[in-house]
Structure formats: C-alpha cells, structure tokens
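# Descriptive analysis of the structure
Spelled out from the first residue to the last, the chains are:
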Amino acid sequence: MNKEFIEALDELEKSKGISKDVIFDALETALVSSFRKNFQSEQDVFVDINRETGDIKLYSQKTVVDEVEDDVNEISLEDAKKINSKYQVGDIVNFEEAPKEYGRIAAQTAKQVVIQKIKDAEREKIHDEFIVRQGEIITGQIQRISNKNIFIDMGKVEGIIPPSEQIPNEVYKMGDRLKLVISEIRKTNKGPQIVLSRSKALLVRRLFELEVPEITEGLIDIYSIAREAGSRSKIAVYAKDDSIDPLGACVGQKGQRVNSIVEELNGEKIDIIIYNENLEIFIKNALSPADVVSCEINEEEKSAIAVVPNSQISLAIGKQGQNVRLAAKLTTWKIDIHPEDPDTFTGPTSEPYYDADNQEILNDSLIDLFRNDEE
C-alpha cells in the first residue's frame, strides 16, 4: 500500500462516513487470515499497518519457554536472550516476516476489505434512514410477487409485505399502487429488510391523519383503534375544542373523507366512535351501532356488563362476536352483553351470551342467529 491508498481511505471517510481505523483494523484481521490460508501456516502472526504511510509489516510470534516443545510458536530462553537480554520466560518475541507473493495477496485483500466495508456502510446508512421512518405511511408500487411475499419498489431498497402483514382476501397484482406503513426494519446478511404492512391498525391511523386536517393540526385526537383487517375497524376520536365536531370532521362532507379511507382499504367497514372520559358512555359508544340501555362497571376486574334491548342482542355482539370483540379492544375492557328482558328473549338462554375473557361466543347456536346480522 502507498500514499494513494491512504488518500483513498481519507476520501472514503468523508464521502461514506467509514472510519479509517475501522478499515485498518478489518484489513489487519483479514491479512492474518489470508496469510494462514495462502501459506498454510500454523504460526501465531499479527499484522501492523502504519496509519500514515500505509506500510504493512507481518510478524510471527513466539513465546519464550525453558524447554521448546513447539518449534513453530516457541523459542528457548537462551535463544531469546541472544536477541535481547531482557527477555524472560513467558514473554513474546516478534519476528518480521516477508514471504513471497505476500504483497500481491495484501493488495487483493485490501481491495476486498474496502469493497465490503463500503457495502456495509451503505447498508447501515439505509438502515439508519428507515429506522427513523418506522411507523410512517408510504405509497409504493408492487414490483413482484414471490412465495406469497409482495415486494415493493422503494428506490435504493426493496420493501416486503409478508403474508402476515397483508389484508386477508385482498387481491394484489403487479403494478398496483398501495398505501402501507413501515412496520419493521430487519438486519439481514443481504442488508436491511424493510417490512411493510397493510394489516396493522396503525395504517388506519395514518390514513385518517392524511384525510382529516383537524387530526394533523392537533384539533382532534385519535384515542384508540381496534382493527380486524379486511373486515372492520373501530376508531375512537375526540376534539380538544368543544366547538369542533370530531365525528363530522372524520366523516367529511357527504362522507367523502371516510369513504376515501374505506376505498383505500377495499371496502373495509369503519366505525367512528366518540371517546368519552366517562367509561360507561365510552363503552356504550364503542358498541355502536347497537343501542345500550345501561352499562355496569366493575373497576376491580376491569370488566363491564352492557345491557341492550332484546332485539339488538345480535347487533351488539355482531357477526361471530366481531362487534363486541372490537369494542373490547377499543376500550381495553372486558365486555359482556346481556338482554334487557331475559324472560322474553327468544334466543338461546345461556348467560353470558358472550365470553369477554376469551372473546368468543359461548354457544354455537348463537352463530346462526347472528350470521346474517345488519353490520
């Protein structure tokens, strides 16, 4: 190596942000490995590179011992003292080596190390760029589909939508443009992998932030979101200013804002709920579109019993328990549904009609009752 090599490393440090010391350390390690591989040597060796001139020196090392048992890695105390009288047993004696062909090997190794470090630096740069964008919404075009994974062109890097982050039953085609959230940044041997999502509740939040200026401006806040991707979402919102109608703002004139989001999600139904600090009111709102007659709160168990008109039992629970399940997720409280008048209720009479702990319908016969509910 020479002055030109040092100058090249200086330029790399400026343009790629790769520390020269990192390259030198990696190069010294690689040169030791190359020496052992190319010269099939079992010697203990180390490489020292002059940081100013780029000069390389290869040293073998021998340990000073009383009696030599390994000629390759040991030297007798007597022979060591011939080199320097200060040597004692246990000391290390360095011998400069200059094997043939080592200069060529060093040059090849230096090239490989530098190329690898440039790749590593570029990967790290991409990783750092996207790690701060985690949770951000993007628009991407489907580049290819392979083994149920969808790959999105993101310029310098390719994003991936794994099956777990796709909306169930959504049809994807080459060239389609999708709105997605950056879900996760994974480090792999091939560089950072940008995991994108269509199924996370965060996507619904970001879409509302895009469509509703009052949310972006901080006039309306999103309290919570519960989502079953591809089927239904509930979003709880509230206004910081009493003069603002959070429901009207989110729905938009003639439903334009919410319809735009529903269209982006291919028809996924969205219930916009008004959040209220009064838990009883909040749970009643969360069970919309069902009307709730009363709500009994158990603070200790963080559970609630919602009483609804007999005719709306199926509406409150929803198809296969979806409505009450989403309400429970939205409020983070367990919710049981009971009829207002159990004596005249014509459905199955076992109680409770919905198991909030396991978030499932208790009686299979209920499924048929609720299958064709109005959503």
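My aim in this report is to walk through the structure given alongside it, one point at a time. (Residues numbered from 1 in each chain as written. Predicted model: local features only at pLDDT ≥ 70, side-chain atom pairs only at ≥ 80, totals over all residues. Heavy atoms only, no water.)

Bringing the overall build of the chain into the picture now. Summing up its helical and strand segments, the chain has 12 helices and 17 strands in all. Compactness check: the chain gives a C-alpha radius of gyration of 34 Å against a globular reference of 21 Å for 375 residues, more than 25% above the reference. Taking all 375 residues of the chain together, the buried fraction comes to 43%. Within the chain, residue pairs in contact and separated by at least 24 positions form 57% of the contacts whose partners lie at least 6 positions apart. A total of about 20,800 Å² of accessible surface is found on the chain, and carbon and sulfur atoms cover 44% of it. Of note, the chain has its 47 positive side-chain charges centred 8 Å away from the centre of its 70 negative side-chain charges. (Helix = DSSP H or I, 4+ residues; strand = E, 2+ residues; numbered from the N terminus. Rg over C-alpha atoms; globule rule 2.2 N^0.38 Å. Buried < 20%, exposed > 50% of the residue type's maximum accessible area, 1.4 Å probe, protein only. Contact = heavy atoms within 4.5 Å. Areas by Shrake-Rupley, 256 points an atom, 1.4 Å probe, with all protein chains shown as cover. Lys, Arg positive; Asp, Glu negative; His and termini not counted. Charge placed at Lys NZ, Arg CZ, Asp CG, Glu CD.)

The nonpolar side chains of soluble globular proteins are, as a tendency, buried together. Ranked by internal contacts, the top residues of the largest apolar core, which has 40 residues, are Leu-196, Phe-208 and Ile-270. For this core, the leading source of residues is strand β8 (residues 177-188), giving five residues. By size, the runner-up hydrophobic cluster in this structure holds 27 residues, among which are Ala-236, Leu-279, Cys-295 and Leu-330. (Core = buried A, V, L, I, M, F, W, Y, C linked by side-chain atoms within 4.5 Å.)

This part takes up helix α8 (residues 256-264). Those residues of α8 lying buried are Val-258, Ile-261 and Val-262. Viewed along the axis of α8, the buried residues span an arc of 100 degrees, placing them on a single side of the element. Turned more than 90 degrees from where α8 packs its buried face, Gln-256 and Glu-263 sit exposed. On its buried side, α8 packs onto α5 (201-211), α7 (246-251) and β12 (269-274). (Arc of directions from axis to C-beta.)

Tallied over the entire structure, the rule returns five aromatic pairs. Aromatic side chains Tyr-223 and Tyr-275 sit 3.8 Å apart centroid to centroid with 10 degrees between the ring planes, which places their arrangement in the stacked category. Of the two residues, Tyr-223 sits in strand β10 (residues 220-228) while Tyr-275 sits in the loop between β12 and α9 (279-286), which places them 52 residues apart along the sequence. Of the residues examined, Tyr-275 reaches a relative accessible area of 19% and is grouped as buried. A ring pair is formed by Tyr-275 and Phe-282, whose centres lie 4.9 Å apart and whose planes are at 80 degrees; its orientation type is edge-to-face. The two residues Tyr-275 and Phe-282 agree in class, both being buried. (Phe/Tyr/Trp six-rings, centres within 6.5 Å; stacked < 30°, edge-to-face > 60°.)

Here the focus is the packing of helix α1 (residues 3-16) against helix α2 (residues 20-39). Relative orientation of the contacting elements α1 and α2 amounts to 125 degrees, with a least axis distance of 9 Å. Our classification of the angle between α1 and α2 gives oblique. Residue-level inspection shows Phe-5, Ile-6, Leu-9, Asp-10, Leu-12 and Glu-13 of α1 in contact with α2, the latter providing Lys-20, Ile-23, Phe-24 and Leu-27. Class assignment for the residues of the contact of α1 with α2 results in seven nonpolar, no polar and three charged. (Axes fitted to C-alpha atoms, helices over the stretch in contact; angles between N-to-C directions. Parallel < 35°, antiparallel > 145°, perpendicular 65-115°, else oblique. Nonpolar A, V, L, I, M, F, W, Y, C, P; charged D, E, K, R; others polar.)

A separate point is the sheet that holds strand β9 (residues 191-197). On the basis of which strands lie adjacent, the closed barrel formed by five strands has the order β5-β6-β7-β9-β8 and mixed pairing. Between one strand axis and the next, the sheet turns through 50 degrees on average, direction left out of account. In terms of strand pairing, β8 meets β9 through seven bridges, oriented antiparallel. Paired with Val-181 across the strands is Ser-197, a residue of β9. Contacts from α5 reach β5 (137-146), β8 and β9, with the element oriented near 130 degrees to β8. (Pairing = 2+ DSSP bridges.)

Spatial strand order, β13-β14-β15: three strands in an open sheet with mixed pairing. On the outer flanks of this sheet lie β13 (294-298) and β15 (334-339), each paired with one strand and no other. Neighbouring strand axes in the sheet, compared pairwise and without regard to direction, differ in orientation by 20 degrees on average. Bridge count between β13 and strand β14 (residues 303-308): five bridges; the pairing is antiparallel. Bridge pairing in β14 links Asn-298 to Ser-303. Across the face of the sheet, α9 comes into contact with β13, β14 and β15 while running at roughly 125 degrees to β13.

Here we come to the layout of surface pockets. Taken as a whole, the largest pocket holds about 310 Å³ of empty space. Contributing to the lining of the largest pocket are 14 residues, with Val-157, Lys-190, Gly-191, Pro-192 and Gln-193 lying nearest its centre. Listed by contribution, the elements that provide at least two residues to the lining of the largest pocket are α4 (102-131), β7 (158-161) and β9. The element contributing the most residues to the lining of the largest pocket is α4, with four residues. Class assignment for the residues of the lining of the largest pocket results in five nonpolar, three polar and six charged. (1 Å grid on protein atoms, 1.4 Å probe; cavity = no way out; pocket = protein on both sides within 12 Å on 5 of 7 lines; lining within 4 Å. Points joined across faces, edges and corners; volume = space filled by probe spheres on them.)

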